[in-house]
Each structure stands twice: as structure tokens, then as C-alpha cells.
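# Commentary on secondary and tertiary structure
Each chain is listed here by its residues.
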Amino acid sequence: MNAPEPIAQEWLRNHTYDELSLGQSARLTRTLTQQDIQAFAWVSGDVNPAHLDDEYAQGTRFHGVIAHGMWGGALISSVLGTEFPGPGTIYLEQTLRFSRPVRIGDTLTVVLTVAEKDDAAGRVKLDCEAINQKGEQVISGVATVLAPRHKIERPRPSLPAMHLFDPKARLDAWMDSLQLPAPLACAVVHPCDLESLQGAVMAAERGLIAPWLIGPEHRIRGLAEQHGLDLSKARIEAVPHSHAAADRAASLAAEGQVQMLMKGSLHTDELMHAVLSQPALRTGRRLSHVFRFDIPSYPKPLLLTDAAINIAPGLEEKADIIRNALQLAHALGVPQPKVALLSALETVTEKIASTLDAAALCKMADRGQIVGGLLDGPLAFDNAISLEAARIKGISSPVAGDADVLMVPDLESGNMLAKLLEYMAGASTCGVVMGARVPIALTSRADGAHSRMASAALAAVAAAAQARD
């Protein structure tokens, strides 16, 4: 086996006082991102709404969000400390003049030029300038430093990974990217608590659904009035209780009057029983739940199934669970989803039934019994989502380390993994039930309104794809 190639080490090297000459310069180019603004605000504590609140910023003289002025100043400091003069430099004084705002997407070129040298004190004055991509001067000033007298060469320090994750912004960006037709008719089943009713109203305001609210009308209207929710986009159908709401919603779906269902404040079993009682909603495929996770440390959305419906699925049920997940992944624009079949380890052993099921499911895919995706398993969680873990364990697979879908062995392991991702890994989540004639936005009773709105969006994507097919 060949030894791995060593990773190239980056070095910081300085310019001593004697090596500096008048007119000598150095430069740095950097493009401002939303993450730069958020990181600077987090480190500095400067949460001025001119930098972070687009609605407020639109009303200022700049008509939009701008960077903190000292973000540009920090770029000057970066050049001084790491390159010119570099390590050993002592910052004494800085003047700055801010000529123009810097907006997200602007590219600044920072140029530092030696203007004066004081041989007795070892002081150096450098003219500082930042120019944007249009050639306009944004920042100007003068830095005074003590330049190093001796050569210094040090390895560039490694920094911990920094994950700036704004769940609401990420959710908004995802929903803005969806290419949906007109709002789909959606039966919202018993929306009799604030979170479920608000989630449906928010989904309607975004143009995702045309809500048909089914439940006790006095409770629904009372909630809306109490919390200032606008029900003008909603149709309300009065029924006495949650069982009746579930039955009516399932009937509407069976009749084709609604294209999707959305769970409100009732138990999942009530809603699923009503759906399964309607022969017209059955497809011959097992119903299963699919979570969509947006995880700070993972480079793409990740689907997880089944953590909510099937307690201990057998081989045929698992095949349907995978088919449902593939259908949703295709609707989300993933043409060839990579499905990792999870177990406790990545080798097949008769002592762990989930490894045998994983091997059988992969063979079913090889024989065309499961189509539309790449399957591999058994895979442990680490090598399913980490290329490095897969490499260390010698796993050569197009799925390992790059999964789009995780299929868990049973509901217990899936439910624990889902809650761990949400509550400890900081993931934002939404979920949908697949396998029926209409998708069902299914959320936990602990989910907030934004998560419920996201589940409605997920179901709308699935419903729109089913209508096209």
C-alpha cells in the first residue's frame, strides 16, 4: 500500500524593516459574503440593524445591508500581520476614511504601500487603500507600525471550522428556490393550536398552499383572533373534533379536492388511520415518513427515513421505504440519489439482522427491484456521511461519505438520530409522509411554525411532482 501523500504546509514569512523600501506594496483581494457580515457581528457584538436587518436597511440612505466599516479595516490588519510586513509587526496607529459602502458581493482589493521609514525607531508608515470591483475607492488611511528586525517563518496556524448557520435564512432561501405552480389545495387537519395554525397561515402567505382548515371553527377563529393571524386566504370547514377532521380531510383527498394533507394538533395515528381507511388513497406501497435535514456541518440537504411511521419494518417494507425516499429526492431535484443503508457496522453478519437486510436491498437494486438511486450498505453512520471515515476504513463506494438519503434499521434508531441531529447538531428539519396518493406534511407536536411551514413546502414539492408524473 502506498503511503498517503503529505499535506503541504503553508507558511507565514515576514519582511524585515531593512527589506522594506519606499513604494513597495502588497495586496489582498476579498469578496464580501453574508457569512462575513454575520461572523464579524458575532465576534464584535456589533449587531447594528444596518448590517443585519434587510427590512430596516432598505430604509436607510444606503438602501440595503452594508458591511461593518471595520470589516474593511480588519482586511488591512490581516495584510499587516500575516504578510506585509508580516509576523513580528507591532501595530501602533491607524487612520481610516470610509468613502463608500461595501455591499454583499462586492470585491475589495486592499493595497498597502510603504510611504515613510524611520530608521532610528524602526517605524514604518504605510498608505492603505481599498478599491471595489468598479475601481472606486472605498477606504483610505495610513497605518503606522513597528516593522520586525529579524526574519520570522512560522507555519500558518490552523483554525477550527466555523459554521454560521441561520436556520430561518436557510429555510427562506430554500423555499425561495422552489419552482412551484399555483398554491396547491391543502387540507389542514385540526389546526387547533398556535403553531399548527400559524404554520398553515405562513405557508399560505408564501404561496405554497391554499389552506382548507378542518376542525372546530370557533377554536380556529378564536386562535386567529387572539394571535392576530389573517385567515383571509383560508377556507374553513367546521367539524366537531379531531377524528371528524381526519376523516373529512382524507375524504377530500380521495375525491381529488385537495392535493396534499397537513397535520395539525392531533395524533399521527388518528390521521394515518383515516388515510388508510380510504381505498382511493392507497398505492400498494407502504406509507413511510421522510425527514429533510439542513445540517450545519453537512454540505447538502440530507433525507432520513423512516423515523416516524414504521416501527420494525421487514425487508419488503424497507424496500418501499426506500422507494418513497427516492420519489421525494427526485422531486427535490436529485436525479440519482445516493442511499446509505445504516447499521452498526459496515460488514455483513448474521448476528445483526439490519446488515443482512442492507445486503439484500442492495441486491434488489442490482436486479431492478428498486430503481432510481444508488444503494450501498450496510454502512455505519460515520462512513455514510464522512469521506474521511470511509477512506480510513478502506470503503470504496460512490455512496459512502456522500449520502443523500439515510435509511435507518427501525423507528427507534431513526427517531433518536433525528432528534440528535435537530437538538444537538443544530439541524433544521421538516418532514412528509410518502406512499399515499397525496403527500402528508407531518410534524412533531414540539415543532414550531417555521418547521411546519417547511413541511408544507416539502409536501407541496412532492405533490407538484406527482401531478407532473
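In what follows, the accompanying structure is described. Everything numeric here is computed off the predicted structure, so don't read it as measured data. One numbering rule holds for all chains: residues counted from 1, following each sequence as written. Residue-level local features of this predicted model are given only where pLDDT is at least 70; pairs of side-chain atoms are given and counted only at 80 or more, and the full residue set underlies all totals for whole chains, interfaces and linings. For side-chain calculations, the full set of non-hydrogen atoms in the structure is used, while hydrogens and water are omitted.

The buried label applies to any residue whose accessible area, calculated with a 1.4 Å probe on protein chains only, is under 20% of its type's maximum; exposed applies above 50%, and partly exposed to all values in between. Secondary structure counts use DSSP, requiring at least four H or I residues in a row for a helix and at least two E residues in a row for a strand, with both numbered from the N terminus. Within the span of helix α9 (residues 268–276), buried status applies to Thr268, Glu270, Leu271, Met272, Ala274 and Val275. Residues are treated as being in contact if the distance between any of their heavy atoms lies within 4.5 Å. In this fold, the buried residues of α9 make contact with β8 (184–189), α8 (242–254), β11 (260–263), β17 (428–434) and β18 (440–441).

So, on to the packing of α8 against α9. Packing of α8 against α9 leaves a shortest axis separation of 8 Å and a crossing angle of 35 degrees. For the crossing formed where α8 meets α9, the hand is right-handed. Taking contact as the criterion, the partners of Ser242, His243, Ala246, Asp247 and Ala250 in α8 are, on α9, Glu270, Leu271, Ala274 and Val275. Ten residue types, Ala, Val, Leu, Ile, Met, Phe, Trp, Tyr, Cys and Pro, are classed as nonpolar, four, Asp, Glu, Lys and Arg, as charged, and the remainder, Gly among them, as polar. Here the contact of α8 with α9 is composed, by residue class, of 5 nonpolar, 2 polar and 2 charged. Think of each axis as a best-fit line through the C-alpha atoms, taken over the contacting stretch in the case of a helix, with angles from 0 to 180 degrees between the N-to-C directions. Rotating anticlockwise by less than a right angle from the far helix to the near helix defines a left-handed crossing, while the corresponding clockwise rotation defines a right-handed one.

The next thing to look at is the sheet that holds strand β4 (residues 107–118). In space, the 5 strands of this open sheet follow the order β2-β4-β5-β6-β3, with antiparallel pairing throughout. In this open sheet, the two edge strands, each paired with only one partner strand, are β2 (25–31) and β3 (90–98). Each strand of the sheet is rotated relative to its neighbour by a mean of 20 degrees, with strand direction disregarded. Two strands pair if DSSP finds at least two bridges between them. Note that strand β5 (residues 123–131) and strand β6 (residues 137–146) share 9 bridges and pair antiparallel. Across the sheet, arginine 123 pairs through a bridge with leucine 146, a residue of β6. Helix α4 (residues 69–82) contacts β2, β3, β4, β5 and β6 of the sheet and is inclined by roughly 145 degrees relative to β3.

Turning our eyes to something else, we now look at the nonpolar core. Ranked by size, the top nonpolar core spans 62 residues in total, and within it Trp174, Leu197, Ile209, Leu341, Leu361, Ile370 and Leu375 carry the most contacts. No other element matches the 12 residues that helix α15 (residues 449–468) contributes to this core. In contact with leucine 197, other than residues within four places in its own chain, are Pro191, Leu213, Ile220, Leu223, Ala224, Leu229 and Leu231. Buried Ala, Val, Leu, Ile, Met, Phe, Trp, Tyr and Cys residues form a nonpolar core when they are joined through side-chain atoms within 4.5 Å. Grouped together as the second largest cluster of nonpolar side chains are 28 residues, Leu20, Ala26, Ile139 and Val145 included.

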